[in-house]
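The residues making up each chain are set out below.
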Amino acid sequence: MARRKQVYEGKAKVLFEGPEPGTLVQYFKDDATAFNNKKKGTITGKGVLNNRISEYLMTKLEEIGIPTHFVRRLNMREQLVKEVEIIPVEVVVRNIAAGSISKRFAIPEGTRLPRSIIEYYYKSDQLDDPMVSEEHITGFGWAAIHEIDEMLNMSLRINDYLAGLFLGIGIRLVDFKVEFGRLFHENGDVQVVLADELSPDNMRLWDSKTNEKMDKDRFRRDLGQIEEAYQEVARRLGILPESGPTDPKGPSTLQ
Ligand code: UDP
């Protein structure tokens with residue numbers, strides 16, 4: 001495929017112009033960063049796995065009626081997505097205390113939260129993604145009230161669906177981060193859709209029997225066997241990349 005014009009380079013992905021107007025090609029790198037870029041590394045094969053995992057999860061979410069930017073996977077590291085205007089708010093959903101919430105409120109990691117908790121963070125590397133409230137989001141004009149409602153409702157549905165999906169393959173969905181974008185339709189409608197990616201880079205996934213971490217915490221905390229953990233997530237989902245980029249069947253589910 002001819003090299004396309006790069007429109008954006010992030011920490012784990014690159015966006016290229018897509019083949020048609022209104023589309024982009026999302027390329028998954030093996031680069032890993034943590035602690036706002038202070039820790040950098042490479043996880044061999046991560047991009048290939050995240051491309052597949054994100055394809056699988058976004059496709060499943062579309063099936064239950066969550067609109068997403070995902071169109072189709074193009075090859076091992078690239079997927080075609082709809083061009084959206086990213087809303088600069090990261091939505092974090094937590095089921096079990098871990099990471100920053102454990103630190104902030106001195107809750108031991110692994111404590112089940114009384115109910116799923118939603119947090120918003122302003123997407124800004126310079127500011128280290130500060131936590132914000134709805135007041136900040138509307139006051140500073142990052143999103144309108146109805147858009148926050150849509151992001152909140154979709155995030156809770158995503159959580160319910162994914163928590164069940166992962167539990168079925170012996171994995172606990174501890175927490176995750178999602179991003180949304182505005183999709184501008186030709187008739188003038190503006191729709192809030194799930195964007196970015198859904199992968200072990202932005203979720204905490206623990207083996208439900210052993211509590212072993214199967215996500216980016218293995219990189220953040222130098223636990224080793226990072227690629228193996230991502231591969232195990234893909235294996236349990238039934239979507240190992242070995243089936244290849246031209247596999248006509250696409251992802252299949254393990255019995
Ligand atoms: N997360 C993310 N990107 C960020 C911050 C957090 O994908 O910039 C994800 C992270 O992987 C975890 C969840 O959001 O699944 C909650 O992260 P937390 O606030 O505990 O922050 P961390 O411990 O990662 O600094």
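This text gives an overview of the structure that appears in the document. Think of each chain on its own: its residues are numbered from 1, step by step along the sequence as written. Local features in this predicted model are restricted to residues whose pLDDT is 70 or higher, and side-chain atom pairs enter the listing and the counts only when it is 80 or higher, whereas totals over whole chains, interfaces and linings include all residues. Note that water and hydrogens are dropped before the side-chain values are worked out from all heavy atoms of the structure.

### Side note on the site of the ligand
Throughout, near means a residue has at least one heavy atom within 4 Å of the molecule or strand. Around the ligand, the surrounding shell holds 16 residues, and the nearest of these are Arg94, Ser100, Asp175, Arg204 and Arg220. Two N or O atoms count as a polar contact when they lie within 3.5 Å, although within protein this holds only if one can serve as hydrogen donor and the other as acceptor, and sequence-adjacent residues are included solely when both atoms are side-chain atoms. Contact distances for the ligand include 2.6 Å between an oxygen atom and a side-chain N or O atom of Arg94. A distance of 2.5 Å separates an oxygen atom of the ligand from a polar side-chain atom of Asp175. Here the accessible surface of atoms and residues is derived via Shrake-Rupley with a 1.4 Å probe, and residues count as covered only by protein chains that are part of the display. Alone, the ligand offers 500 Å² of accessible surface; in the complex the protein occludes 78% of this. To qualify as a helix, a DSSP run of H or I must reach at least 4 residues; to qualify as a strand, a run of E must reach at least 2; elements of each kind are numbered from the N terminus. Every element with two or more residues in the shell around the ligand is listed here: β8 (85-96), β11 (171-184) and β13 (203-207).

### Quick notes on a negative patch on the surface
Taken together, the side chains of Glu134, Glu135, Asp149 and Glu150 define an acidic patch exposed on the protein surface. Secondary-structure assignment places Glu134 in helix α3 (residues 134-139). In this structure Glu134 comes out as partly exposed when scored by relative accessible area, which is 34%. Patch definition: residues with relative accessible area over 30% and no salt bridge; like charges joined within 9 Å; nonpolar side chains (Val, Leu, Ile, Met, Phe, Trp, Tyr) joined within 5 Å. Salt bridge, as used here: a side-chain nitrogen of Lys or Arg that lies within 4 Å of a carboxyl oxygen of Asp or Glu. For the purpose of charge, His is not counted, nor are the chain termini; Lys and Arg are scored as positive and Asp and Glu as negative. One atom stands in for each charge, and that atom is NZ of Lys, CZ of Arg, CG of Asp or CD of Glu. Each residue is placed in one exposure class: buried if its accessible area under a 1.4 Å probe, protein chains only, is under 20% of its type's maximum, exposed if it is over 50%, and partly exposed if it falls in between.

### Comments concerning the packing of helix α1 (residues 46-63) against helix α6 (residues 226-237)
Only C-alpha atoms enter the line fits that serve as axes; for helices the fit covers just the stretch in contact. Angles between N-to-C directions range over 0 to 180 degrees. The contact between α1 and α6 brings their axes to 10 Å, and the two run at 30 degrees. Taken together, the axis directions place α1 and α6 in an arrangement best described as roughly parallel. For the pair α1 and α6, the sense of crossing is left-handed. Across the interface between the two elements, Lys46, Leu49, Asn50, Ile53 and Tyr56 from α1 touch Glu227, Tyr230, Gln231, Val233, Ala234 and Leu237 from α6. Roughly parallel refers to an angle under 35 degrees, roughly antiparallel to one over 145, roughly perpendicular to one between 65 and 115, and oblique to any angle outside these ranges. By definition, turning the near helix anticlockwise from the far helix through less than a right angle yields a left-handed crossing, and turning it clockwise yields a right-handed one. By definition in these notes, contact holds between two residues if any of their heavy atoms fall within 4.5 Å.

### Observations regarding the side chain of Glu55
Mapped onto the elements, Glu55 comes out in helix α1. Taking the relative accessible area as the measure of exposure, Glu55 reaches 10% and is therefore buried. At 2.8 Å, the side chain of Glu55 and the side chain of Arg73 are in polar contact.

### Looking at the sheet that holds strand β7 (residues 78-82)
Any two strands with at least two DSSP bridges between them are considered paired. Strand order in the open sheet formed by five strands is β1-β2-β3-β7-β6, with antiparallel pairing between adjacent strands. The open sheet has two free edges, formed respectively by β1 (6-9) and β6 (70-73), since each of these has just one partner strand. Ignoring strand direction, the axes of neighbouring strands in this sheet form an average angle of 25 degrees. Here β6 runs beside β7; their pairing, made up of three bridges, is antiparallel. Residue pairing for β7: Phe70 is matched across the bridge by Val81. Most of the contacts of α1 go to β6, to which it runs at about 135 degrees, and overall it touches β3 (23-28), β6 and β7.

### A look at the environment of Gln191
With respect to the secondary-structure elements, Gln191 resides in strand β12 (residues 190-195). Considered as a pair, Gln191 and Phe180 are eleven residues apart in the sequence and their alpha carbons are 10.0 Å apart. Among all residues touching Gln191, those that are not within four sequence positions of it are Pro67, Gly181, Arg182, Leu183 and His185. Among the polar contacts listed, one links the side chain of Gln191 to the side chain of His185, at a separation of 2.8 Å.

### A few points about the nonpolar core
Within soluble globular proteins, side chains that are nonpolar generally end up buried alongside one another. One finds Leu57, Leu162, Phe166, Phe180, Leu194, Leu198 and Met203 to be the most contacted residues of the largest nonpolar core, which totals 46 residues. When contributions to this core are tallied by element, the ones reaching two or more residues are β4 (31-34), α1, β8, α4 (145-167), β11, β12, β13 and α6. Top contributing element to this core by residue count: α4, with seven residues. Within this scheme, the nonpolar core is defined by two criteria: the residues are buried Ala, Val, Leu, Ile, Met, Phe, Trp, Tyr or Cys, and they are joined through side-chain atoms within 4.5 Å.

### Some details on the packing of aromatic side chains
Aromatic ring pairs are defined here through the distance separating the ring centres and the angle between the ring planes. Two rings belonging to Phe, Tyr or Trp (six-membered ring only in the last case) form a pair when the distance between their centres is within 6.5 Å. Interplanar angles under 30 degrees mark stacking, angles over 60 mark edge-to-face geometry, and anything in between is tilted. Enumeration according to the criterion identifies three aromatic pairs in this entry. Ring geometry for Phe16 and Tyr27: centres 6.5 Å apart, planes at 90 degrees, overall edge-to-face. Separated by eleven residues along the polypeptide, Phe16 in strand β2 (residues 13-17) and Tyr27 in strand β3 bring together distant segments of the chain. Both rings, one in Phe140 and one in Trp142, keep their centres 5.2 Å apart while their planes meet at 40 degrees; by these two values the pair is tilted. Residue class for Trp142 comes out buried when judged on its relative accessible area of 14%. Taken together, the aromatic side chains of Tyr122, Phe140 and Trp142 make up a single cluster linked through ring pairs. Geometrically, a charge over a ring is one whose NZ (Lys) or CZ (Arg) sits within 6 Å of the ring centre while staying within 35 degrees of the ring normal. Above the ring of Phe16, the side-chain terminus of Arg4 is found at 5.7 Å from the ring centroid. Note that Lys39 overlies the ring of Phe219, its terminal NZ or CZ placed 5.2 Å from the centroid.

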